[in-house]
Amino acid sequence: MDFSMDNVTIFNHPLIQHKISILRDKRTGTNEFRALIEEIAMLMGFEALRDLPLQEVEVETPIETCMTPMIAGKKMAVVPILRAGLGMVNGILALVPSAKVGHIGLYRDEVTHEPHEYYCKLPSPIEQRTIVVTDPMLATGGSAVAAVDFIKQHGGRNIKFMAIIAAPEGLKRLQEAHPDIQIYIGHLDRELNENAYICPGLGDAGDRIFGTK
Ligand code: PRP
Ligand code: URA
């Protein structure tokens, strides 16, 4: 069973761990990397969305009419942090095809490692939606904290943050800044290096997903 503490779930499912190990391998090419990011997001999403509210609706089966549960209320929003978070979106949409998709554009300054925002568009009414923020990497936590700050400023309340690999430093920073959100991590790695890259990590997630350097 997955290990969880307070508002954090760290996945130890063998399928997720196996796929993350292939992601880490520097020989894994763009096609396979992209497919794995999507698959892992779907596996994590299956667990992260277990508390979606249900409502009983009437359905006519070939046999009789019955009351049966369906997802209730306003639709979900998936909000990837650009660029790399985009790679996880289709994995979540495979589970909830009707979800709306917002975007938050952030890049890390190469020297200070602080995030800079360049784009934000969220589906309305954001305050009524379950919001799943996606980013494969939670390193210093600067991007995640800024993205959640931004969503809250726009009225978002019910927020889940999903990362495939996290550094302890980033997880702590996100938890401290936003103790009210649920956090889902595929694997908690050892530490950050002097360039704020996660060790052992998988390198630059955006470059590996999009084939840039
Ligand atoms: C990467 C990654 C996260 C961020 C994590 O994005 O996808 O968004 O760094 O680092 P942090 O926790 O220290 O903020 P990057 O800024 O490289 O942009 P990209 O996705 O456009 O490549
Ligand atoms: N962003 C990445 O893509 N990788 C890291 O290790 C840290 C930040």
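Not measured: the values here are computed from a predicted model.

Novice: What is the right way to look at the site of ligand 1 in this model?
Specialist: Close contacts around ligand 1 come from 15 residues, with R108, D135, T140, G141 and S143 the closest. Contact between ligand 1 and R108: an oxygen atom at 2.7 Å from a side-chain N or O atom of the residue. Within the backbone of G141, a nitrogen or oxygen atom sits 2.8 Å from an oxygen atom of ligand 1. Broken down by secondary-structure element, the contributors of at least two residues to the shell around ligand 1 are β7 (103-108), β10 (137-138) and α4 (142-153). For the shell around ligand 1, the residue count by class is six nonpolar, five polar and four charged.

Novice: Can you help me understand the site of ligand 2 in this one?
Specialist: Inspection of the region around ligand 2 gives R108, M137, A139, A196, Y197, I198, G203, D204 and A205 as its neighbouring residues. Here G203 contributes a backbone N or O atom positioned 2.8 Å from a nitrogen atom of ligand 2. Backbone polar atom of A205 to an oxygen atom of ligand 2: 2.8 Å apart, as the coordinates give it. Here ligand 2 loses 89% of its free accessible area of 240 Å² to cover by the protein chains. Across the shell around ligand 2, the residue classes tally to six nonpolar, one polar and two charged.

Novice: Explain the environment of R129 to me, please; I cannot follow it from the model alone.
Specialist: Within the element layout of this structure, R129 appears in the loop between β8 (115-121) and β9 (130-134). Separated by 29 residues in sequence, R129 and N158 place their C-alpha atoms 6.9 Å apart. Within the structure, R129 has its side chain in polar contact with the backbone oxygen of K75 (distance 3.1 Å).

Novice: I keep staring at the packing of helix α1 (residues 14-24) against helix α2 (residues 30-48) and nothing clicks. Help me out?
Specialist: α2 packs onto α1 with a crossing angle of 155 degrees between their chain directions and a minimal axis gap of 10 Å. Compared by their axis directions, α1 and α2 come out roughly antiparallel. For the pair α1 and α2, the sense of crossing is left-handed. Counted together, L15, I16, K19, I20, I22 and L23 of α1 and E32, F33, L36, I37, E39, I40, L43 and M44 of α2 form the full contact between these two elements.

Novice: So what exactly am I meant to see when it comes to the pairing of β8 here?
Specialist: Put simply, side chains in a regular strand alternate between the two faces of the sheet. Examined bridge by bridge, β7 and β8 share six bridges and lie antiparallel to one another. Across the sheet, the residue bridging to H103 is K121, located in β8. Adjacent in sequence and paired antiparallel, β7 and β8 are bridged by six residues, among which H113 carries a positive phi angle near 65 degrees.

Novice: Got a minute to help me understand α1 in this structure?
Specialist: In an α-helix there are 3.6 residues to a turn, and that puts residues three or four apart on one side. Those residues of α1 lying buried are I16, Q17, K19, I20 and L23. Viewed end-on, α1 has its buried residues packed into an arc of 165 degrees, placing them on one side of the element. Facing away from the buried side of α1 by more than 90 degrees, the exposed set consists of P14 and H18. Tucked into the core, α1 has its buried residues touching α2, β11 (158-166), β12 (182-188) and α6 (205-210).

Novice: Sorry, what's going on with a nonpolar patch on the surface here?
Specialist: A cluster of nonpolar side chains, M42, F46 and L95, forms an exposed patch at the surface whose accessible area comes to about 290 Å². As for its position among the elements, L95 is in helix α3 (residues 86-95).

Novice: I tried to follow the nonpolar core on my own but got confused; where do I start?
Specialist: A general tendency of soluble globular proteins is for nonpolar side chains to be buried together. One finds L23, M44, M76, M162 and I164 to be the most contacted residues of the largest nonpolar core, which totals 34 residues. If you list the elements that add at least two residues to this core, you get α1, α2, α3, β11 and α6. Counting residues per element, this core draws most heavily on α2, which supplies seven residues. With residues near it in sequence (within four places) discarded, M76 still touches L49, L52, I92, V96, A99, K100, R129, T130 and V132. In this structure, I131, V145, I159 and I185 belong to the second largest nonpolar core, which totals 27 residues.

Novice: Mind showing me how you'd approach the environment of H113 here?
Specialist: Looking at where H113 falls in the secondary structure, it is placed in the loop between β7 and β8. Looking at H113, the relative accessible area reads 16%, which means it is buried. Separated by 30 residues in the primary sequence, H113 and S143 place their C-alpha atoms 9.3 Å from one another. Here H113 is in contact with R108, T140, E194, N195 and A196, once residues within four sequence places are set aside.

Rules used in this analysis
Residues numbered from 1 in each chain as written. Chains lettered and ligands numbered in written order. Predicted model: local features only at pLDDT ≥ 70, side-chain atom pairs only at ≥ 80, totals over all residues. Heavy atoms only, no water. Near = heavy atom within 4 Å. Polar contact = N/O pair within 3.5 Å; in protein donor to acceptor, adjacent residues only side chain to side chain. Helix = DSSP H or I, 4+ residues; strand = E, 2+ residues; numbered from the N terminus. Nonpolar A, V, L, I, M, F, W, Y, C, P; charged D, E, K, R; others polar. Areas by Shrake-Rupley, 256 points an atom, 1.4 Å probe, with all protein chains shown as cover. Axes fitted to C-alpha atoms, helices over the stretch in contact; angles between N-to-C directions. Parallel < 35°, antiparallel > 145°, perpendicular 65-115°, else oblique. Left-handed = near helix turned anticlockwise from the far one by under 90°. Contact = heavy atoms within 4.5 Å. Pairing = 2+ DSSP bridges. Buried < 20%, exposed > 50% of the residue type's maximum accessible area, 1.4 Å probe, protein only. Arc of directions from axis to C-beta. Patch = residues over 30% accessible without salt bridge, like charges linked within 9 Å, V, L, I, M, F, W, Y side chains within 5 Å. Salt bridge = Lys/Arg side-chain N within 4 Å of Asp/Glu carboxyl O. Core = buried A, V, L, I, M, F, W, Y, C linked by side-chain atoms within 4.5 Å.

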